[in-house]
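A structural walkthrough
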Amino acid sequence: MKLATKIKCLKYLVYAYIILLTIVGACQIVIGGGLIYMHMRYKSITYDAFYWPAIILLLSGPAVFLLSWFGWNAAAKKHRSYLTVFSVGLVALLCVQFWICGYAVSVRESLPSAAEYQISNSFHEYFRNQSDTNHIWNRLQTDMKCCGIFGVMDYRHASQRASQPAIPWACCSQSEDPHEPFCKHVFQRGCLQALSEDNRKGLLICALTAIACAVLQSFGLFCAIQLVILLGRTTSFDVERREGSAPARTMERREQKELTPLASSPSRKKAPPLPVGIPVLPPTAGEKSHYKSKMEIEKERNGS
């Protein structure tokens, strides 16, 4: 296969890869935004401790868009330096994706112990203000079907010290039987476990998304590097051809200069013009008759 054909094929492969890269960046923005929205529901309880992997995943999406635009222009112009910068940017982006994956896994493994202190502080604040029906703990316990930090016993122990109602209405499961009491069934699972499972699920999604994006982004890296190498070969071939044709052109110019006629050479002096001839008069009648008689005498001599 010719070098120009290889470059053309790799160019279109890079175009297809950039389209795939743009789709990957859009997926990062959508998934990262969804994970941040899930975490923001209970931000006042867990604060910002477990949001950073999703935030970095979201911010990597616009970076992918910018890199895709740069790579498209570099491939269209066949600019070797720009394609080199594009390849380096892809390698850096791959490193960021692997870092996001490792960071999300490390934060996931630290749960639930990493969130215990923050949830405990938030729970004690809620217990002192149970009259606030709009408190985040009421929504947390109702949505996740949990009660207290470790279970329903947290309220009973706290109520003995504070002489307040033992179990809030948010811990009560609504029964389908209208004849049963309102709070006959109470959620037994603690909210620390429920929040930890929710955060662990989100962090797992973040890690899998980052590693999947890294694998997809690595597919076109080979094509981009090969295109840079082939463009380098084209440049070196052009330089060698120019250097090889320079001596031949010099010899042609020398031979052409030597074979140039003297009149066309600007350094030669022009030859002097030829002298003008003297006009000759036509012979008279006497000269003609004398010439004829002379010719007849020479014929007779030659005949004898």
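A brief structural summary. Predicted model only: the values in this text are computed from it and were never measured.

Attention now goes to unusual backbone geometry. In terms of backbone geometry, most residues other than glycine have negative phi values and most peptide bonds are trans. Not every positive phi belongs to a glycine, and Lys 145 is a case in point at roughly 55°. Assignment of secondary structure puts Lys 145 in the loop between helix H6 (136-144) and helix H7 (153-162).

Attention now moves to the state of the cysteines. Two cysteines, two sulfur atoms, one covalent bond between them: this is a disulfide. One pass over the structure, following the stated rule, counts two disulfides. Covalent S-S linkage joins Cys 146 and Cys 191, the inter-sulfur distance amounting to 2.1 Å. Measuring handedness by torsion sign, the sulfur bridge of Cys 146 and Cys 191 sits at about 90° and is right-handed. Of the two residues, Cys 146 sits in the loop between H6 and H7 while Cys 191 sits in helix H8 (residues 191-258), which places them 45 residues apart along the sequence. In this pair, the class of Cys 146 matches that of Cys 191, namely buried.

Our focus in this paragraph is the side chain of His 39. Along the chain, the position of His 39 falls in helix H1 (residues 3-40). Residue His 39 is classed as buried on the basis of its relative accessible area of 5%. Other than its neighbours up to four places away in sequence, His 39 contacts Phe 50, Tyr 51 and Asn 199.

Thresholds applied
All residue numbers refer to position in the chain's written sequence, counted from 1. The predicted nature of this model means local features are confined to residues of pLDDT at least 70 and side-chain atom pairs, given and counted, to a pLDDT of 80 or more, with totals for whole chains, interfaces and linings taken over all residues. Excluded from the side-chain calculation are hydrogens and water; included are all heavy atoms of the structure. Each helix is a run of H or I in the DSSP string that is no shorter than four residues. Each strand is a run of E no shorter than two, and both are numbered from the N terminus. For this text, the term disulfide refers to a pair of cysteine sulfurs within 2.5 Å. Think of it in three bands: residues with accessible area under 20% of the maximum for their type are buried, residues over 50% are exposed, and the middle band is partly exposed, with areas taken using a 1.4 Å probe on protein chains only. Note on contacts: a residue pair is in contact if any heavy atoms of the two residues lie within 4.5 Å.

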